[in-house]
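Descriptive structure summary
Listed below are the residues making up each chain.
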Amino acid sequence: MLRTTLGALALAGTALTMTACGAGAQAGQSALGAQSAAGSDAVRTASIDTPRCGTGDLDARFGGVLDDGSGQLRIQLEYTNTSDHECVLRGAPGVDLVGPDDPVHGPTYSVPRVDDGDPGYLLTAGERGIAELTVLPDHSPEAWRPTELVTIPPGQEDPLRIPWSHDFGVVRQDGATHPGTYVHEFKPF
C-alpha cells in the first residue's frame, strides 16, 4: 500500500513539476527545466557554470499545505534567493525535524530525500524555489511534535531554521524502508 502511494506521489510530483515548468515558461520565470524544454541548450550550459545557492544566499520558510486525502500532507518549503546574484537550486535539501527527545530515536528525525536528478533551477535575486516535504501527520494528543525544521541546501554545511508552525505532529519512522515522510528535490515556485 505504501509503495503504491509513494509511486502515485512520484507520478503526481512529476505531473506537478511538468505543470510548474510549463507555467514558469509562460510567466517568464527562469526555471531551467522550462527553458531547456523550450530548446535552449545555451541556458543549460550557462547554468552548469552558475554556482549553487549557498546557505547565505537563501531565506527559507513554510509555504502552503496540501491535504489530498491520501493520509499524508504535502508542505511547501519556500527558498528565496536573498543575494544580489543568480544561483542554482539543484537536488533535494537536507531536512531534519527537531523536537522533544524521543526515548527510542532521540530529538532529531532526519527526513529521507527523493532526488530524481533534475538539472536544477536558476534563481535570480528575489526569486523563489520550493522543495515539497511530504509528511505522515499525527493529530493525537501524544503525537511527537517538532519544534523546528532545520534545512541544509545541497552542497552546504550551514543550516537554515524554520520554527514549526503547524498544529499536528509527525509519525516517526526512523530507519523505515518506505517512510511516509520525505522531501523532494527543488522545483520552481
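Residues numbered from 1 in each chain as written. Predicted model: local features only at pLDDT ≥ 70, side-chain atom pairs only at ≥ 80, totals over all residues. Heavy atoms only, no water.

**What about the overall build of the protein chain?**
As a reminder of what qualifies: Per the convention used, a helix needs a DSSP run of H or I reaching at least four residues, while a strand needs a run of E reaching at least two, with both numbered from the N terminus. Partly exposed describes any residue whose relative accessible area lies between the buried limit of under 20% and the exposed limit of over 50%, with all areas from a 1.4 Å probe on protein chains only and scaled to the type maximum. Here the open area of atoms and residues is found with the Shrake-Rupley method and a 1.4 Å probe, where only the protein chains shown may cover a residue.
Of regular secondary structure, the protein chain possesses three helices and 13 strands. A burial count over the protein chain gives 47% of its 189 residues as buried. Just so you have it, the protein chain exposes about 9300 Å², and 53% of that area is on carbon and sulfur atoms.

**Notes on the sheet that holds strand β5 (residues 106-111)**
Strands belonging to one sheet form pairs held by backbone hydrogen bonds; the direction of such a pair is parallel or antiparallel. Note the cut-off: Here, any two strands with at least 2 DSSP bridges between them count as paired. Each axis is a line fitted through C-alpha atoms, taken for helices only over the stretch in contact, and angles between the N-to-C directions span 0 to 180 degrees.
One open sheet accounts for four strands, arranged β5-β4-β10-β11; its pairing is antiparallel. Each edge of the open sheet is held by one strand with a lone partner, namely β5 and β11 (160-163). Strand-to-strand twist in this sheet, taken as the mean axis angle between neighbours without regard to direction, amounts to 25°. Strand direction decides the pairing type here: strand β4 (residues 94-102) and β5, joined by five bridges, are antiparallel. Within the sheet, the bridge partner assigned to Asp96 lies in β5 and is Ser110.

**Comments concerning the packing of aromatic side chains**
Condition: Classification of ring pairs uses Phe, Tyr and Trp, with its six-membered ring standing for Trp, and accepts pairs whose centres are within 6.5 Å; under 30 degrees between planes counts as stacked, over 60 as edge-to-face, and the remaining range as tilted. The criterion for a charge sitting over a ring is simple: Lys NZ or Arg CZ within 6 Å of the ring centre, and within 35 degrees of the ring normal.
Per the counting criterion, the structure on display carries three aromatic pairs. A centroid spacing of 5.0 Å and a plane angle of 85° characterise the contact between Tyr79 and Phe186, whose relative ring orientation is edge-to-face. With Tyr79 in strand β2 (residues 73-81) and Phe186 in strand β13 (residues 182-188), this pair connects stretches of sequence that are 107 residues apart. In this pair, the class of Tyr79 matches that of Phe186, namely buried. Where Trp164 meets Phe168, the ring centres are 5.8 Å apart and the plane angle is 85°; that geometry is what we call edge-to-face. Using a relative accessible area of 5% as the deciding quantity, one classes Phe168 as buried. Aromatic rings pair up to connect Phe62, Trp164 and Phe168 into one cluster. A cation sits over an aromatic face here: Arg172 above Trp144, 4.5 Å from the ring centre.

**Some details on the state of the cysteines**
Put simply, the rule is: In this description, the term disulfide denotes a pair of cysteine sulfurs within 2.5 Å.
Overall, the coordinates contain one disulfide when judged by the stated rule. There is a disulfide in this structure between Cys53 and Cys87, and the S-S distance comes to 2.1 Å. The chirality of the disulfide connecting Cys53 with Cys87 is right-handed, given an S-S dihedral of about 90°. Here Cys53, found in the loop between α3 (41-49) and β1 (58-67), pairs with Cys87, found in strand β3 (residues 87-89); they are 34 residues apart in sequence, far enough to count as distant. Residue classification places Cys53 among the buried positions, given a relative accessible area of 2%. Among the residues examined, Cys87 registers a relative accessible area of 0% and is labelled buried.

**Structural notes on the sheet that holds β2**
The sheet built from five strands is open, its strands ordered β1-β2-β8-β13-β6 with mixed pairing. Every interior strand has two partners, whereas the edge strands, β1 and β6 (113-114), have only one. One ladder, built from two bridges, connects β6 with β13; its direction is parallel. Within β13, the position partnered with Val114 by the bridge is His184.

**Focus on the pairing of β11**
On β11, burial follows the alternation: Leu160 and Ile162 on one face are buried, whereas Arg161 and Pro163 on the facing-out side are not. Where strand β10 (residues 148-152) lies against β11, four bridges are found, and the strand directions are antiparallel. Looking across to β11, one finds that Val150 is bridged to Arg161.

**A closer look at the environment of Arg145**
Stated precisely, the cut-off is as follows: Only heavy atoms matter for contacts: two residues are in contact if any of them lie within 4.5 Å across the pair.
One can find Arg145 in the loop between β9 (137-138) and β10. Spatially, the C-alpha atom of Arg145 lies 8.5 Å from that of Val98, the residues being 47 residues apart in sequence. Residues in contact with Arg145, not counting those within four places in the same chain, are Gly99, Pro100, Asp138, His139, Ser140, Asp167, Phe168 and Gly169.

Geometric values such as these leave the question of function open.
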